[in-house]
Amino acid sequence: LHLRIEADGSACRQSGSTGYGLGNGGSWLVTTHPVLPDGRPDTSLTLSSQTFRPCEASAPLADVRQGIVRVPMDVPVTQGVEYATIVRNSDPAPDRNFTSVNFLYTKTGILGANGRNERSPLAPDAYYGLDPRELVGYSSDAGRSWALPGGQYGLPGGRNFLPTYIQEYSDGTVSGQPYYYAVDASTATRTMVFRKRSSPWRITSLGAFTAKPGSGTLTLTVDGTERARVNVSGAGMLRASIAPLTVAPGQVVKVSSNGLPIQNIVADTAWGRLMGLHLATSPWTVEGEPNFSQAAPVYALPAYGASDAVAPRSDPRVRRTQRTRLHAQARRRARALARKSSHRRRHARRHARMRRDAHVQAL
């Protein structure tokens, strides 16, 4: 699990002294758990646990200058099942020694499904390309209660943060939400290109996010043909319905914003390359933008689902070979476990006979 860290203000990062870190940087205790039906982490079962001091960790684990943490997981996961990862500061003096997890902050608050504790994966108002259930939660009492979503500052309840993370799987694929900061707003035309979708995409509206009030147009084209144009105005998440249309796999979708003050969001080149955003197979890109790690918050809605946002890092044939190897390893482990179990049963039967014979002899 790849996370962003902000350590400025701590002893190991003094470039800006922003106050996101202090003292020796604290200690991170990172644990992963199943999720209860109400969205809370099920802390009665811990699937993975790591403890480290970011200011003292080796660069492959935590690089406070690059702002990246790479948490080893080794957790078998099941598609469709929710998991929660908790980051605690386990330093004895957490108010004097700490660093911060860095998420994408939205001053006007998170709208739609990701701005509430949504329990359905089918909620139609997921605006940010995330699963409707994905959120950042916060607890100020060691996990006895949770604000879901929530944070320690921002709008009431701190519902201002989008998860920023990358998940890396054993078969070489990666997925996640890599964007964590925004650049200055511009009213110039911004066009997002969506491609390489693996399933039909039914588009019912167009949307854009702008932190400043404004007005403009959103235009949808499919394979170069204009299919819809709408006017929008205001601030925050703007959207307008269109006549529904379905895009087939392989077709290229473009959504252009003109006149709206749009801020591109940035993943940085390290995470951009990890997500494969520099490749021709990237699921989306900003047309004409030289920095491949940027995206514009301009959408065809409902937005991309998580299954379509996976950007493999290797050739598909290699991934198939890796999966075959993993499956073969799993079969070998299963056969080994079966042999061990059979051996234990034979061993137990032999000892039982020996104990019975000894008992008879004693009588």
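Structure: see above.
Throughout this document, residue positions are counted from 1 along each chain, in the order its sequence is written. Only residues with pLDDT of at least 70 get local features here, since the model is predicted, and only at 80 or more are side-chain atom pairs given and counted; chain-wide, interface and lining totals rely on the full set of residues. Note that water and hydrogens are dropped before the side-chain values are worked out from all heavy atoms of the structure.

Draft legend 1. The overall build of the protein, seen in detail. Starting at the N terminus, helices and strands are each numbered in turn, a helix being any DSSP run of H or I of at least four residues and a strand any DSSP run of E of at least two. Helices and strands together make up the secondary structure of the protein, namely two helices and 20 strands. Counting across all 363 residues of the protein, residues that qualify as buried make up 43%. Contacts are assigned to residue pairs that have any heavy atoms within 4.5 Å of one another. Long-range pairs, those at least 24 residues apart, make up 69% of the contacts in the protein between residues at least 6 apart in sequence. Accessibility throughout is a Shrake-Rupley quantity obtained with a 1.4 Å probe, and a residue counts as covered only by protein chains that appear here. Element-wise, carbon and sulfur atoms account for 52% of the exposed surface of the protein, whose accessible area totals about 18700 Å². Buried residues are those whose accessible area, probed at 1.4 Å on protein chains only, stays under 20% of the maximum for their type, while exposed residues exceed 50% and partly exposed ones sit between those limits.

Draft legend 2. Seen up close, the sheet that holds strand β6 (residues 83–89). The three strands are arranged β3-β2-β6 in an open sheet whose pairing can be described as antiparallel. A single partner strand is all that each edge strand has here, and the edge strands are β3 (48–52) and β6. Taken over all neighbouring pairs, the strand axes of this sheet differ in orientation by 15° on average, direction set aside. Any two strands between which DSSP finds at least two bridges are classified as paired. Axes here refer to lines fitted to C-alpha atoms; in helices the fit is confined to the stretch in contact. Angles between the N-to-C directions go from 0 to 180 degrees.

Draft legend 3. Expanded view of unusual backbone geometry. The peptide bond linking L148 to P149 adopts the cis configuration, its omega dihedral lying at -5°. Looking at the secondary structure, you find P149 in the loop between β8 (104–105) and β9 (161–162). Along the chain, L301 connects to P302 via a cis peptide bond; the corresponding omega equals -5°. Residue placement: P302 occurs in the loop between β20 (298–301) and α2 (316–362). The phi dihedral of D74 falls on the positive side, at around 55°, and the residue is not glycine. Along the chain, D74 falls in the loop between β5 (68–70) and β6. Even without glycine at this site, D223 takes up a positive phi of about 50°. Its place among the elements puts D223 in the loop between β14 (201–222) and β15 (225–247). The class of D223 is partly exposed, set by a relative accessible area of 45%.

Draft legend 4. Empty space enclosed by the protein, seen in detail. A cavity here means a set of 1 Å grid points, computed over protein atoms only, where a 1.4 Å probe fits but cannot escape. A pocket is an open set with protein on both sides within 12 Å along at least 5 of 7 lines, and lining residues have an atom within 4 Å of a point. Grid points are joined across faces, edges and corners, and a volume is the space filled by probe spheres set on the points. Scanning all chains against the criterion turns up one cavity of 30 Å³ or more. Quantified by volume, the largest cavity comes out at close to 40 Å³. Together, eleven residues line the largest cavity, and R197, W201, V247, Q251 and V253 are the ones closest to its centre. Asp, Glu, Lys and Arg are counted as charged, while Ala, Val, Leu, Ile, Met, Phe, Trp, Tyr, Cys and Pro are counted as nonpolar; the rest, among them Gly, fall into the polar class. Looking at the lining of the largest cavity, its residues break down into seven nonpolar, two polar and two charged.

Draft legend 5. Geometry of the state of the cysteines. Throughout, a disulfide means two cysteine sulfur atoms within 2.5 Å of one another. Taken as a whole and assessed by the stated rule, the structure comprises one disulfide. Across a sulfur-sulfur distance of 1.9 Å, C12 and C55 are joined as a disulfide pair. Here the S-S torsion is close to -55°, and the disulfide linking C12 with C55 is therefore left-handed. Separated by 43 residues along the polypeptide, C12 in the loop between β1 (2–6) and β2 (28–34) and C55 in the loop between β3 and β4 (62–63) bring together distant segments of the chain.

Draft legend 6. Seen up close, the environment of W271. Among the secondary structure elements, W271 is positioned in helix α1 (residues 269–274). By relative accessible area, W271 is classed as buried at 1%. Ignoring any residue separated from it by four or fewer positions in sequence, one finds W271 in contact with H2, L3, R4, I68, T164, Y165, I166, Q177 and P178.

Draft legend 7. The arrangement of the environment of Y138 in detail. With respect to the secondary-structure elements, Y138 resides in the loop between β8 and β9. Spatially, the C-alpha atom of Y138 lies 6.8 Å from that of L148, the residues being ten residues apart in sequence. When sequence neighbours within four positions are dropped, the list of residues in contact with Y138 reads S145, W146, A147, G150, G151 and Q152.

Draft legend 8. Focus on the environment of G236. Inspection of the secondary structure puts G236 in strand β15. Sequence separation of G236 and K212 is 24 residues, and the distance between their C-alpha atoms is 7.4 Å.

Draft legend 9. Region of the structure containing the packing of aromatic side chains. Pairing of aromatic rings covers Phe, Tyr and the six-membered ring of Trp, with a centre-to-centre limit of 6.5 Å; geometry is then stacked below 30 degrees between planes, edge-to-face above 60, and tilted otherwise. On inspection of all chains with the given rule, the structure shows seven aromatic pairs. Ring plane angle 80° and centroid distance 5.3 Å describe the contact between Y153 and F161, whose orientation is recorded as edge-to-face. When its relative accessible area of 36% is taken as the criterion, Y153 is described as partly exposed. With relative accessibility at 9%, the residue F161 sits in the buried group. Judged by centre distance (5.1 Å) and plane angle (75°), the rings of Y180 and Y181 are edge-to-face. For Y180, a relative accessible area of 17% corresponds to the buried category. Residue class for Y181 comes out partly exposed when judged on its relative accessible area of 38%. Clustering of aromatic rings is evident, with ring pairs tying together Y105, Y153 and F161. Its guanidinium or amino end placed over the ring of Y180, R4 lies 3.9 Å from that ring's centre, counting from NZ or CZ. Seen from the ring of W271, R4 lies directly overhead, with NZ or CZ sitting 4.8 Å from the centre. Lysine and arginine charges are scored as sitting over a ring when NZ or CZ, respectively, is within 6 Å of the ring centre and within 35 degrees of the ring normal.

These results come straight from atomic positions and should not be treated as a statement about function.
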